[in-house]
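Letter by letter, the chains look like this.
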Amino acid sequence: MNDFQDIYDISQSQQGIDSLRYYFVSKGEKDIIKIIQYQYVKQFNGYPLFNLGFGDYDLETENLSDKEISNNKDHYKVLHTILDTIPRFFDIYGDVMLMVQGSDSKPEFIENCKINCSRKCNDNDCKKSHRRISIYRGFLDKNFEVLSEKYIFKGGQGFEDHNLIEGYGKHQKYNAVFVSKKS
Amino acid sequence: MNKTENKKTVVTVPESGLLALVAAKLKDAVLFPEKLEEAKEYLKKAKIKTA
């Protein structure tokens with residue numbers, strides 16, 4: 001995940017032992033400060049589990065949001081920059097598990113979307129939801145064999161009363177992806 | 001009458017300096033607290049499928 005040619009320069013900042021942050025500036029219509037955060041959540045399935053957070057920071061308002069869709073037309077460069085930090089994260093923390101979710105996969109997102117959306121989606125099929133995790137899944141599906149040489153992937157599916165985590169299967173509609181490094 | 005002028009000065013900061021400034025500003029801030037809670041909730045309901 002660190003063979004990308006076109007990525008942004010990043011700045012690293014470690015916050016104690018349970019948080020690692022990367023900062024970069026997305027260039028396009030306007031400059032946007034982006035923050036990637038790896039935050040320790042809890043011990044899970046024998047691993048210290050970290051969550052990947054990502055969002056835009058507005059220096060003037062001091063607002064940090066993971067809901068923005070910026071129009072800098074650099075989404076591949078941004079995605080590759082985020083993915084490039086994953087091996088760096090594992091180099092620092094080693095034998096840990098990483099969890100990736102999208103902020104548009106929550107039930108509240110779908111509820112809020114219904115209020116303003118002109119599309120006539122049915123209750124179980126909001127077309128604007130799950131787009132963020134789909135980007136990660138799409139990349140993983142495309143590069144699964146190569147990435148599996150170094151990493152173990154699991155996918156999480158949401159059901160009414162539980163979330164099922166299983167060995168990653170390509171083209172499944174997971175709402176969370178889990179990554180750990182092969183020893 | 002004294003007139004106070006409020007001039008805005010624009011300065012150019014190198015990108016690395018800007019990011020260092022943001023990092024310093026957010027040093028003690030809790031970022032994405034809702035994501036952390038969502039992750040905890042997700043894991044609370046997690047069941048692992050064994051092969």
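Residues numbered from 1 in each chain as written. Chains lettered and ligands numbered in written order. Predicted model: local features only at pLDDT ≥ 70, side-chain atom pairs only at ≥ 80, totals over all residues.

Caption draft 1: Examining the overall build of chain A more closely. In terms of regular secondary structure, chain A is built from 3 helices and 9 strands. Ordered by position from N to C terminus, the α and β elements of chain A give β-β-β-β-β-α-β-α-α-β-β-β. Relative to the compact-globule value of 16 Å for 183 residues, chain A shows a C-alpha radius of gyration of 17 Å, a close match. When burial is assessed residue by residue, chain A has 28% of its 183 residues classed as buried. (Helix = DSSP H or I, 4+ residues; strand = E, 2+ residues; numbered from the N terminus. Rg over C-alpha atoms; globule rule 2.2 N^0.38 Å. Buried ≥ 20, exposed ≤ 12 C-beta atoms within 10 Å, placed from the backbone.)

Caption draft 2: Geometry of the pairing of strand S4 (residues 47-58) of chain A. All names here are of chain A. Where strand S3 (residues 32-44) meets S4, 11 bridges bridge the pair, whose relative direction is antiparallel. The partner of Gln39 across the bridge, within S4, is Asn51. The turn joining S3 and S4, which pair antiparallel and follow one another in sequence, is formed by 2 residues; a positive phi near 55° is taken by Asn45. As judged from the 3 bridges shared by S4 and strand S6 (residues 97-101), these two strands associate in the parallel manner. Its bridge partner being in S6, Phe50 is matched across the sheet by Leu98. Of the strand pairs in this sheet, S4 and strand S5 (residues 63-65) are connected by 3 bridges, and their pairing is antiparallel. (Pairing = 2+ DSSP bridges.)

Caption draft 3: Structural detail: the interface of chain A and chain B. Every contact between the two is made by 29 residues of chain A and, on the other side, 21 residues of chain B. Of all the secondary-structure elements, those providing two or more residues to the side of chain A that touches chain B are strand S1 (11-14), strand S2 (19-26), S3, S4, S6 and strand S8 (163-167) of chain A. It is S3(A) that provides the largest number of residues to the side of chain A that touches chain B, a total of 7 residues. With 3 bridges connecting them, S8(A) and strand S1 (residues 46-48) of chain B associate as parallel partners. Looking at the pairing, A:Ile165 lines up with B:Ile48 of S1(B). (Contact = placed C-beta atoms within 7 Å.)

Caption draft 4: Structural detail: the confidence of the model for chain B. All names here are of chain B. On average, residues of chain B score 87 in pLDDT, and 88% of them reach the 70 mark or higher. Within chain B, helix H1 (residues 15-25) has the poorest average pLDDT of any element, 93, and S1 the best, 95. Among the prediction metrics, the complex's ipTM stands at 0.85, with pTM recorded as 0.87. (pLDDT = per-residue confidence, 0-100.)

Caption draft 5: Structural detail: helix H2 (residues 33-44) of chain B. With 12 residues, H2(B) extends 17 Å between its outermost C-alpha atoms, agreeing within 8% with the 16 Å of an ideal straight helix rising 1.5 Å per residue. Among the residues of H2(B), those classed as buried are B:Lys35, B:Glu38, B:Ala39, B:Tyr42 and B:Leu43. Buried positions in H2(B), seen along its axis, are confined to an arc of 130° and lie on one side of it. Of the exposed residues in H2(B), the ones pointing more than 90 degrees away from its buried face are B:Pro33, B:Glu34, B:Glu37, B:Glu41 and B:Lys44. The inward-facing, buried residues of H2(B) contact S3, S4, S6, S8 and strand S9 (176-181) of chain A together with S1 of chain B. (Expected span 1.5 Å × (residues − 1). Arc of directions from axis to C-beta.)

Caption draft 6: Expanded view of the environment of B:Glu34. Mapped onto the elements, B:Glu34 comes out in helix H2. Separated by 23 residues in the primary sequence, B:Glu34 and B:Val11 have C-alpha atoms spaced 35 Å apart.

Caption draft 7: Quick look at the nonpolar core. Of all hydrophobic cores here, the largest spans 37 residues; its most connected members are A:Leu98, A:Met99, A:Val100, A:Ala176, A:Val177 and A:Phe178. Looking at this core, the element that brings in the most residues is helix H1 (residues 75-93) of chain A, giving 5 residues. Discounting residues that sit within four places of it in the chain, A:Met99 has contacts with A:Val41, A:Leu49, A:Phe50, A:Asn51, A:Leu52, A:Ala176, A:Phe178 and B:Ala39. (Core = buried A, V, L, I, M, F, W, Y, C linked by C-beta atoms within 7 Å.)

Caption draft 8: Representation of the pairing of S1(A). Residue and element names in this part refer to chain A. Strand direction decides the pairing type here: S1 and S2, joined by 4 bridges, are antiparallel. Residue Ser11 lies in a different strand from S2, and its bridge partner there is Tyr23. The hairpin turn running from S1 into S2, its antiparallel successor, is 4 residues long, and Gly16 in that turn takes a positive phi close to 65°.

Caption draft 9: Spatial organisation of the confidence of the model for chain A. Averaged over every residue, the pLDDT of chain A is 89; the share at 70 or more is 91%. Per-element confidence in chain A is highest for S8(A), whose mean pLDDT is 97, and lowest for helix H2 (residues 107-116) of chain A, whose mean pLDDT is 69.

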